[in-house]
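Below are the chains, spelled out letter by letter.
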Amino acid sequence: MRLAVLDIGSNSIHLLVVDAHVGAPPLPASSHKEILKLAEYLQEDGSISSYGVERLVQFCHDAMEIAEDQGAEQILAFATSAIREAPNGDATIDRIHNETGLKLNVLTGQDEARVTFLAVRRWLGWSAGNILLLDIGGGSLEIAAGRDEYPDAAVSVPLGAGRMHSDFLPDDLPSVDQVHALRRHARHLIGRIAGDINRVGPFDKVVGSSKTFRTLARLAGAAPSGEGIYVPRKLARKDLSTIVDTLAARTPSERTLLPGVSESRAGQILAGAIVAEAAFTIFDIKSMRISPWALREGIIMRKLDLLDSAEESTGTAGVHISHVGLRTPAGF
């Protein structure tokens, strides 16, 4: 079946249309992305400004049309920390539904970690053993660990790259004190939950997902995205201190000259590097593998699992799935 996944994150909004079948990897059909940076539209009380809401509604409307044009049978729409934590988040979700017909599901931080872990497990397989997963988003850091398809421990920490950039590194050239303050803050928050994660260890493989980790790996010499998702990519602890120093010595515009650093993430990538460095230190990580699959792929896997389970329970396994209207709430 053809599915559309709409991901409303703290930094960007991404519509991914895929051909998905039980027992097979999702095959991308089309992709539409807009850098919204919701954090820049937050008011003093944390609510999304009226202009930010307008842009969200318009993108969701456009996404519905694109998904329909691409022949998607269903759209799986979800939002993460930016909307989850906004005082007017529920009102924004209601407005999106009333004006576009789109049912937007808001994931908890723990759900983000669990579903992303599912995607990573499916990508790496059972031979990966006990996995420690780290995912740095715009608003939060998700950490999960376990041996099964879903993790034995999953937590979400408010250490997203966009959030930390705004809170600790607002200047184009941050001071040494600003960098140290963020480093202390990140280690403190990660240290508070480390015991919940470490009790699942020891870990056979450490994995990073998200654009932040892919960018850091690229800065460390990993292959560019153009070489495809099957090229192994890694990020080593020994490279992170150099990456932090390199980024801290450059303005955002100068960082775009570095390999893999896009203009939209040039400001927040330093904060992401400092958070990553803190996680590597707290968990004593020597090296991590980068997974090309993350939350969106996990949402697709979860949906296919639910469809497969429903078909088996009704004795319709293998029967063609009938068309489901885009304006019918998809659920997970």
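As a reminder, the structure under discussion sits directly above these lines.
The notes below deal with the structure included here. Quick caveat: nothing in here was measured; it's all calculated off a predicted structure. (Residues numbered from 1 in each chain as written. Predicted model: local features only at pLDDT ≥ 70, side-chain atom pairs only at ≥ 80, totals over all residues. Heavy atoms only, no water.)

### Quick notes on the overall build of the chain
Working step 1: On a plain count of helices and strands, the chain comes out with 11 helices and 11 strands.
Working step 2: For 332 residues, the compact-globule estimate of 2.2 N^0.38 gives 20 Å, and the C-alpha radius of gyration of the chain, at 20 Å, lies within 12% of that figure.
Working step 3: Dimensions of the chain along its principal axes, counting C-alpha atoms only, are 60 × 50 × 35 Å.
Working step 4: A buried classification covers 52% of the 332 residues belonging to the chain.
Working step 5: Total accessible area on the chain stands at roughly 14,500 Å², and carbon and sulfur atoms take up 49% of it.
Working step 6: For the chain, the distance from the average site of its 34 positive side-chain charges to the average site of its 41 negative ones is 7 Å. (Helix = DSSP H or I, 4+ residues; strand = E, 2+ residues; numbered from the N terminus. Rg over C-alpha atoms; globule rule 2.2 N^0.38 Å. Buried < 20%, exposed > 50% of the residue type's maximum accessible area, 1.4 Å probe, protein only. Areas by Shrake-Rupley, 256 points an atom, 1.4 Å probe, with all protein chains shown as cover. Lys, Arg positive; Asp, Glu negative; His and termini not counted. Charge placed at Lys NZ, Arg CZ, Asp CG, Glu CD.)

### Overview of the nonpolar core
Working step 1: I143, L159, I197, F213, L216, L235 and F283 are the most contacted members of the largest nonpolar core, which has 50 residues in total.
Working step 2: Once residues within four sequence positions are removed from consideration, F213 is found in contact with L134, D135, I136, G208, L235, A276, F280, M288 and I290. (Core = buried A, V, L, I, M, F, W, Y, C linked by side-chain atoms within 4.5 Å. Contact = heavy atoms within 4.5 Å.)

### Observations concerning the sheet that holds strand β3 (residues 27–35)
Backbone-to-backbone hydrogen bonds join strands into a sheet, with any given pair of strands oriented parallel or antiparallel.
Working step 1: Strand order across the open sheet formed by 5 strands is β3-β2-β1-β4-β5, with mixed pairing between neighbours. Two strands in the sheet have a free side with no partner beyond their single neighbour: β3 and β5 (104–106). Sheet twist, expressed as the mean angle between neighbouring strand axes with direction ignored, is 20°.
Working step 2: Across 7 bridges, the pairing between strand β1 (residues 2–8) and strand β2 (residues 12–19) is antiparallel. If you follow R2 over to β2, its bridge partner there is D19. (Pairing = 2+ DSSP bridges. Axes fitted to C-alpha atoms, helices over the stretch in contact; angles between N-to-C directions.)

### Details of the pattern of salt bridges
Working step 1: One pass over the full model with this rule turns up 14 salt bridges.
Working step 2: The closest approach of N and O atoms between E34 and R55, which form a salt bridge, is 2.4 Å. Note that E34 is positioned in strand β3 and R55 in helix α1 (residues 50–69), a separation of 21 residues in sequence.
Working step 3: Between R237 and D284 there is a salt bridge, and its shortest N-O distance comes to 2.9 Å. In this pair, R237 sits in helix α8 (residues 237–248) while D284 sits in the loop between α10 (269–282) and β11 (287–290), placing the two residues 47 residues apart along the sequence. (Salt bridge = Lys/Arg side-chain N within 4 Å of Asp/Glu carboxyl O.)

### Re the side chain of R255
Working step 1: Within the secondary structure, R255 sits in helix α9 (residues 252–255).
Working step 2: Despite being buried, R255 has no salt bridge partner; E254 is the closest side chain of opposite charge, sitting 7.2 Å away.
Working step 3: Engagement of the side chain of R255 in a polar contact is seen with the backbone oxygen of R250, the distance being 3.1 Å. (Polar contact = N/O pair within 3.5 Å; in protein donor to acceptor, adjacent residues only side chain to side chain.)

### Section: the sheet that holds β11
Working step 1: Taken in spatial order, the 6 strands of this open sheet run β8-β7-β6-β9-β11-β10, and their pairing is mixed. Because the sheet does not close on itself, it has two edges, and the strands there are β8 (153–157) and β10 (234–236). Within the sheet, the average angular offset between the axes of one strand and its neighbour, ignoring direction, is 20°.
Working step 2: Its contacts with the sheet put α10 on β6 (131–136), β7 (141–146), β10 and β11, and the angle it makes with β6 is roughly 160°.

### Details of unusual backbone geometry
Working step 1: Cis geometry marks the peptide bond from G201 to P202, where omega comes out at 5°.
Working step 2: Within the element layout of this structure, P202 appears in the loop between α6 (176–198) and β9 (205–209).
Working step 3: Residues other than glycine seldom take positive phi values, yet S210 does so here, at roughly 105°.
Working step 4: Classification of S210 as buried rests on a relative accessible area of 9%.
Working step 5: Unusually for a residue other than glycine, D284 sits at a positive phi of about 55°.

Taken by themselves, the reported measurements are silent on function.
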